[in-house]
Amino acid sequence: MGISIAICELDSDESLCKRSKTNILKARLDDITGYETCADFDEMVSAADAQELLGDDWEGFLKRNRINGEQDSFFLEKVKKEEDVARLKSVAKKSYTGWIDLSGLTRDQAEKVKKEAGVDNLLSQWNTIPIGETNDICSRCVMSWDKGRGCIGAFGPNNSLLPEIAKKYGCSIVSKVPELAETRKKLSPEEARQLSAECKVLRENLPVEGKVMVRRYSGVVDRMETVADLCASKGVRLYFL
């Protein structure tokens, strides 16, 4: 596995994705009790119920709707023929996904659900935008520091020798990159300035380590300096992951 460099893009109002990423549409709960009216669900039909309802038409139903008759149940939305959908509605049962549509809740209720769900179980407006459109937005964003490809870029493999080289020259941040990636500690804009200074030290001393090290690590030193200068100037945190 490799290590990446990322920024806390939501620290800046200049991030073109901020409005979409902070507009939380849904939250996922393990228990949706009390929120059933706002909860997403699939309509499921058991094969046994469908077969009992359809009787002699069961095989015909399977064939015209291309349903696998060996499965225990199937999604009602997979049924192709509208007349069959209408017939099966009476035996379809709700299977809740756990996702709660926050637009149906009061502000206080929505905040409570988001807190209970946790950051890893939230769906933002950004998550609903097709990847082609997000790529276009990133390419136009001032926070897209990796040559317009986004605000996350590569540092290198876990066994990179750059941290050891950095340690030799007193570059304390770069020397601790593997540890920082493990903890995902957020580096302040002031620490970003320090990182930028360390990159200059490394660029000056890499030739001492040999041509191979220059070829191998000059690119990542340039990337770190770019992101460090951006974060320092925009007041944005950065981290390794």
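Counting restarts for each chain: residues are numbered from 1 in the order of the written sequence. Given that the model is predicted, a residue must reach a pLDDT of at least 70 before its local features are reported, and side-chain atom pairs must reach 80 or more before they are shown or counted; all residues, however, enter totals for whole chains, interfaces and linings. Water and hydrogen atoms play no part in the side-chain values, which are based on all heavy atoms of the structure.

Visitor: Looking at this structure, I do not really get the sheet that holds strand 5 (residues 93-101). What am I missing?
Guide: Paired through their backbone hydrogen bonds, the strands of a sheet run either parallel or antiparallel. DSSP bridges decide pairing: two strands pair if at least two such bridges lie between them. Runs of H or I in DSSP of at least four residues are treated as helices and runs of E of at least two as strands, each being numbered from the N terminus. Overall, antiparallel pairing links the five strands, which are arranged 4-3-5-2-6 in an open sheet. Of all the strands in the sheet, the pair left with one neighbour each is strand 4 (73-75) and strand 6 (122-124). The mean angle between the axes of side-by-side strands here comes to 35°, regardless of whether they run parallel or antiparallel. In the sheet, strand 2 (residues 24-28) pairs with strand 5 via three bridges, with the strands oriented antiparallel. Interaxial angles span 0 to 180 degrees and are taken between N-to-C directions of axes, which are lines fitted to C-alpha atoms, for helices over the stretch in contact.

Visitor: In this structure, what is going on with the pairing of strand 3 (residues 39-46)? I would like to understand it.
Guide: For a regular strand, the rule is simple: side chains alternate between the two faces of the sheet. The pairing of strand 3 with strand 5 spans five bridges and is antiparallel. Opposite E43, over in strand 5, you have K94 as the bridge partner.

Visitor: It is not clear to me how the environment of I137 should be interpreted in this structure. Could you clarify?
Guide: Within the fold, I137 resides in helix 6 (residues 131-139). Here the alpha-carbon distance between I137 and T97, two residues 40 residues apart in the chain, equals 30 Å. Sequence-distant contacts of I137, defined by excluding residues within four places in its chain, comprise L16 and W126. Whether two residues touch is decided by their heavy atoms; if any such pair falls within 4.5 Å, the residues are in contact.

Visitor: In this structure, what is going on with helix 2 (residues 47-54)? I would like to understand it.
Guide: An α-helical segment advances 3.6 residues per turn. Residues three or four places apart therefore align on the same side. Among the residues of helix 2, A47, A50 and L54 are the ones counted as buried. Buried residues along helix 2 cover an arc of 65° about the axis, so they all sit on one side. In helix 2, the exposed positions that point more than 90 degrees away from the buried face belong to A48 and E52. Residues of helix 2 that are buried sit in contact with strand 3, helix 3 (58-65), strand 4 and helix 4 (82-88). G55, located one to two residues past helix 2, shows a positive phi value of around 60°. Type-normalised accessible area, obtained with a 1.4 Å probe on protein chains alone, sets the label of each residue: buried when under 20%, exposed when over 50%, and partly exposed for intermediate values. Each direction from the helix axis to a C-beta atom contributes to the arc, which is the arc of those directions.

Visitor: Is there a simple way to explain the packing of aromatic side chains in this structure?
Guide: Aromatic rings in a pair are described by how distant their centres are and how their planes are angled relative to each other. Note on aromatic pairs: the rings of Phe, Tyr and Trp (six-membered ring only in Trp) are paired at centre separations within 6.5 Å, and the planes decide the class, stacked below 30 degrees, edge-to-face beyond 60, tilted for the rest. With the rule as written, the count across this model stands at four aromatic pairs. Ring geometry for F61 and F74: centres 5.8 Å apart, planes at 40°, overall tilted. On the criterion of sequence distance, the pair formed by F61 in helix 3 and F74 in strand 4 is long-range, its members being 13 residues apart. Exposure remark for F74: the relative accessible area of 4% places this residue in the buried category. Taking 5.9 Å as the distance between ring centres and 85° as the angle between the ring planes, the aromatic pair formed by F155 and F240 counts as edge-to-face. Pair noted here: F155 is in strand 7 (residues 152-157) and F240 is in strand 8 (residues 238-240), with a separation of 85 residues, a long-range link. Assessed through its relative accessible area of 4%, F155 is described here as buried. Look at F240 and you get buried, because its relative accessible area is 0%. These aromatic residues form a ring-pair network of at least three members: W58, F61 and F74. Distance and angle both matter: a charge sits over a ring if NZ of Lys or CZ of Arg is within 6 Å of the ring centre and within 35 degrees of the ring normal. The ring centre of F41 lies 4.7 Å from the NZ or CZ of K94, which sits over that ring. Between K186 and the ring centre of Y239, over which it is positioned, the NZ or CZ distance is 4.7 Å.

Any functional reading would require information beyond the geometric quantities listed.
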